[in-house]
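Chain by chain, the residues run as shown.
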Amino acid sequence: MLTVTVDGNEYEAAVGPYCWTSGGTGECVDAAGEPFAYAERFPPVPAAASSEVMLAFDPAPDHWHVLEVREDGEENSVDSKPFVLPSEPGKYGYSVTGGWPQGDVTFFFIVEVRDPAD
């Protein structure tokens, strides 16, 4: 499970594709591979421009990576942890892939950065 904290509010991220082994059995689930495909069930998180985003995994992975996906399809790797949202208003999708000894899981969430004038 991945909990996303933005502007002091917590949100659950959508679970995307994963491969997991437990008790000697493995399972791989193929799912949509981009954040905006989950918008209906996991609506965009409202946030102020340049807000800090904190990610909390349960259990914590050995390693993880964040990819920012803009509505126009442009992708940017996010290296800082926690990370800061863009200052430009709009919807930004995030793909978070974590690695555990049992396997890998990708989570998705969308943030709607509000115009400071709103």
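Residues numbered from 1 in each chain as written. Predicted model: local features only at pLDDT ≥ 70, side-chain atom pairs only at ≥ 80, totals over all residues. Heavy atoms only, no water.

> I tried to follow the packing of aromatic side chains on my own but got confused; where do I start?
One pair of aromatic rings is described through two measures. These are the centre distance and the angle between the planes. Under the counting rule described, the total for this entry stands at 7 aromatic pairs. Where Tyr-38 meets Phe-108, the ring centres are 4.9 Å apart and the plane angle is 25 degrees; that geometry is what we call stacked. Of the two residues, Tyr-38 is situated in the loop between strand E4 (25–29) and strand E5 (45–48) and Phe-108 in strand E11 (residues 103–114); the sequence distance between them amounts to 70 residues. A single burial state applies to Tyr-38 and to Phe-108, both of which are buried. Note on Tyr-94 and Phe-109: the rings are 5.2 Å apart at their centroids and 20 degrees apart in plane angle, and the pair reads as stacked. Here Tyr-94, found in strand E10 (residues 90–100), pairs with Phe-109, found in strand E11; they are 15 residues apart in sequence, far enough to count as distant. There is no split in this pair, since Tyr-94 and Phe-109 are both buried. Through successive ring pairs, a cluster of aromatic residues spans Trp-20, Phe-57, Trp-64, Trp-100 and Phe-107. Between Lys-81 and the ring centre of Trp-64, over which it is positioned, the NZ or CZ distance is 4.2 Å. (Phe/Tyr/Trp six-rings, centres within 6.5 Å; stacked < 30°, edge-to-face > 60°. Helix = DSSP H or I, 4+ residues; strand = E, 2+ residues; numbered from the N terminus. Buried < 20%, exposed > 50% of the residue type's maximum accessible area, 1.4 Å probe, protein only. Lys NZ or Arg CZ within 6 Å of the ring centre and 35° of its normal.)

> What is the right way to look at the nonpolar core in this model?
General note: in soluble globular proteins, nonpolar side chains tend to be found buried as a group. Counting 22 residues, the largest nonpolar core has Leu-55, Phe-83, Leu-85, Tyr-94 and Phe-109 as the members making the most contacts within it. Secondary-structure elements contributing two or more residues to this core are strand E1 (2–6), E5, strand E6 (52–57), E10 and E11. Broken down by element, this core gets its largest block of residues, 5 residues, from E11. Setting aside its immediate chain neighbours within four residues, Leu-85 contacts Val-6, Ala-47, Ala-48, Ser-50, Ser-51, Val-53, Tyr-94, Val-111 and Val-113. (Core = buried A, V, L, I, M, F, W, Y, C linked by side-chain atoms within 4.5 Å. Contact = heavy atoms within 4.5 Å.)

> Even after reading the chapter, I still don't get the sheet that holds strand E9 (residues 83–84), so can you show me in this structure?
The pairing of strands in a sheet happens through backbone hydrogen bonds and is either parallel or antiparallel. Read from one edge of the open sheet, 4 strands run E2-E1-E6-E9, paired in antiparallel fashion. In this open sheet, the two strands that pair with only one neighbour each are strand E2 (9–12) and E9. With 5 bridges connecting them, E1 and E6 associate as antiparallel partners. Looking at the pairing, Thr-5 lines up with Met-54 of E6. (Pairing = 2+ DSSP bridges.)

> What am I meant to see in the pairing of strand E8 (residues 75–78) here?
Across 4 bridges, strand E7 (residues 63–70) lies against E8 in antiparallel orientation. Its bridge partner lying in E8, Val-69 is registered against Glu-75. As consecutive antiparallel partners, E7 and E8 are separated by 4 residues, and within that stretch Gly-73 has a phi angle of approximately 95 degrees, a positive value.

> How do you make sense of the environment of Thr-106 when you look at a structure like this?
By secondary structure assignment, the location of Thr-106 is in strand E11. Through-space distance from the C-alpha of Thr-106 to that of Gly-24 is 22 Å; in sequence the pair is 82 residues apart. Discounting residues that sit within four places of it in the chain, Thr-106 has contacts with Ala-14, Val-15, Gly-16, Pro-17, Ser-95, Val-96 and Thr-97. A polar atom in the side chain of Thr-106 sits 3.1 Å from the side chain of Thr-97. (Polar contact = N/O pair within 3.5 Å; in protein donor to acceptor, adjacent residues only side chain to side chain.)

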